[in-house]
Amino acid sequence: MLPRDARHEARELVGANYDARVLEPSPPAVTEEPWFADDPVAGGGDGAHPVVAPVGAGDLTWDDWLADHPDHRAWVARRWLGAHRRLEQPPPTFQATRLSLHRVAAYVLSPARRRANTKIALRWTLDGFGTPFFGDDEQVRVAGGDLVAQRGAEARRATVTTLDDAAAFVLDDRPDVAWASQFDVPEPGDPGAPLELDAAAASWLGDWFGFGTAVLEAVRADRASTEASRPQLWPEHFDIAFECLSQQDRARAGFGASPGDADHDEPYLYVTLWFPDDVGDAPQWNAEHFGGAILRLPDLMSAEDQFAEAVAFFRSCRNALVHAD
């Protein structure tokens, strides 16, 4: 199969008169600390070509560009760059698939990156999730129900079957279970047993992470989101999140999109407070299992504009922290 370069694909689409930014990692591999990863939405164009970007860092958004190029709406929407589509309800197989892919993330994909540069975090990638590029322009990722291992100009694809087979394909080794023992991750179980994985549910998970990344990047781009980190997919929690606001002012918080966990059967959006004792008992902070706020899946699903609802949820929580007495 052909390797992917998400930013190059976008530049090919917009043509020679534009530059482009995306939400996925792209080669070449970054070897500098502290991130060892690219920032897909970052500016830095050549100044000669307008930058089309999913957030305000560019000269125009993808939605602006689509106004003159409506035939490419499906391409842009699939990558969560603009023309934001609705999330449908997850299939009944979603929870089992989520747990299986959480194991793949923790015991196979994240170790591949950690062995190269000590970093464990992952990112959203088209139809799934995977590593930033590392080493010799390498990336490993899940796309639907398949694994993809890419290096330079080559890419290999295999169906996800067992944890052992996934590790042999990606790591040329057994699953790396030791490193994650310090975290609250699903037990690896029998690595030779078939993983419960439904392709439709895996694709829904990819859309959830794509939607979450797009929303979080929109909030991160706000001037009010001071001292912001980058959205990353954490293999231990299996959620996409970033942090912003001042720790010195005791306002710092994490903003994230979880596909579900031991306390929540369904996906949800959340804000988790670094200093929960400082916010009082305002009804906005409605999370039951941690100090913070939660937007549950049924409330998101019923919104007329899901993307706008999610962004408004995060901005409301952030602004409450910024303006707290």
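In case you missed it, the structure is sitting above this.
All values reported here derive from a predicted model rather than from experimental measurement.

Trainee: Summarise the nonpolar core; cite the residues concerned and give the values.
Mentor: Core analysis: the largest hydrophobic core is formed by 88 residues, its most contacted members being Trp62, Val104, Leu109, Phe129 and Val271. With 12 residues, helix 6 (residues 199-220) is the single largest residue contributor to this core.

Trainee: Let's hear about helix 4 (residues 94-117): which residues, and what values?
Mentor: A rise of 1.5 Å per residue sets the reference length of helix 4, with its 24 residues, at 34 Å; its end C-alpha atoms lie 32 Å apart and thus fit the reference within 8%. A maximum bend of about 40° is found in helix 4 at proline 111. Of all 24 residues in helix 4, 17 are buried, a share of seventy percent or more. Trailing helix 4 by a residue or two, threonine 118 shows a phi angle of about 75°, which is positive.

Trainee: Outline the sheet that holds strand 6 (residues 138-143), supporting the account with residue identities and numerical values.
Mentor: The 5 strands lie next to each other as 4-5-6-7-8, forming an open sheet whose pairing is antiparallel. The open sheet has two edge strands with one neighbour each: strand 4 (123-125) and strand 8 (154-159). Each strand axis lies, on average, 25° off the axis of its neighbour in the sheet, ignoring direction. Contacts from helix 5 (residues 163-170) reach strand 6, strand 7 (146-151) and strand 8 within the one sheet, and its direction differs from that of strand 7 by about 15°.

Trainee: Kindly report on the layout of surface pockets, identifying the contributing residues and their values.
Mentor: The volume enclosed by the largest pocket comes to roughly 710 Å³. What lines the largest pocket is a set of 31 residues, and nearest its centre among them are Glu236, His237, Asp239, Asp261 and Tyr268. Of all elements in the fold, only helix 4, strand 9 (232-234), strand 10 (239-244), strand 11 (253-258) and strand 12 (268-273) reach the threshold of two or more residues within the lining of the largest pocket. Ranked by residue count, the leading element in the lining of the largest pocket is strand 10, at 4 residues. Split into classes, the residues belonging to the lining of the largest pocket amount to 13 nonpolar, 10 polar and 8 charged. Volume-wise, the second largest pocket comes out at about 280 Å³.

Trainee: Any chance you could break down the pattern of salt bridges for me, citing the residues and the numbers?
Mentor: In total, this model carries 20 salt bridges according to the counting rule given. Measuring nitrogen to oxygen at the nearest pair gives 2.8 Å for the salt bridge that ties arginine 157 to aspartate 146. Placement of arginine 157 in strand 8 and of aspartate 146 in strand 7 is noted, with a sequence separation of 11 residues between them. The class for arginine 157 is partly exposed, based on a relative accessible area of 44%. The residue arginine 250 makes a salt bridge to aspartate 278 at a minimum N-O spacing of 2.5 Å. Remark: aspartate 278 occurs in the loop between strand 12 and strand 13 (292-296) and arginine 250 occurs in the loop between strand 10 and strand 11; sequence separation between them is 28 residues.

Basis of the calculations
Residues numbered from 1 in each chain as written. Predicted model: local features only at pLDDT ≥ 70, side-chain atom pairs only at ≥ 80, totals over all residues. Heavy atoms only, no water. Core = buried A, V, L, I, M, F, W, Y, C linked by side-chain atoms within 4.5 Å. Buried < 20%, exposed > 50% of the residue type's maximum accessible area, 1.4 Å probe, protein only. Helix = DSSP H or I, 4+ residues; strand = E, 2+ residues; numbered from the N terminus. Expected span 1.5 Å × (residues − 1). Bend = angle between axes of the 7 residues up to and from the residue. Pairing = 2+ DSSP bridges. Axes fitted to C-alpha atoms, helices over the stretch in contact; angles between N-to-C directions. Contact = heavy atoms within 4.5 Å. 1 Å grid on protein atoms, 1.4 Å probe; cavity = no way out; pocket = protein on both sides within 12 Å on 5 of 7 lines; lining within 4 Å. Points joined across faces, edges and corners; volume = space filled by probe spheres on them. Nonpolar A, V, L, I, M, F, W, Y, C, P; charged D, E, K, R; others polar. Salt bridge = Lys/Arg side-chain N within 4 Å of Asp/Glu carboxyl O.

The values reported here are purely geometric and, on their own, carry no functional implication.
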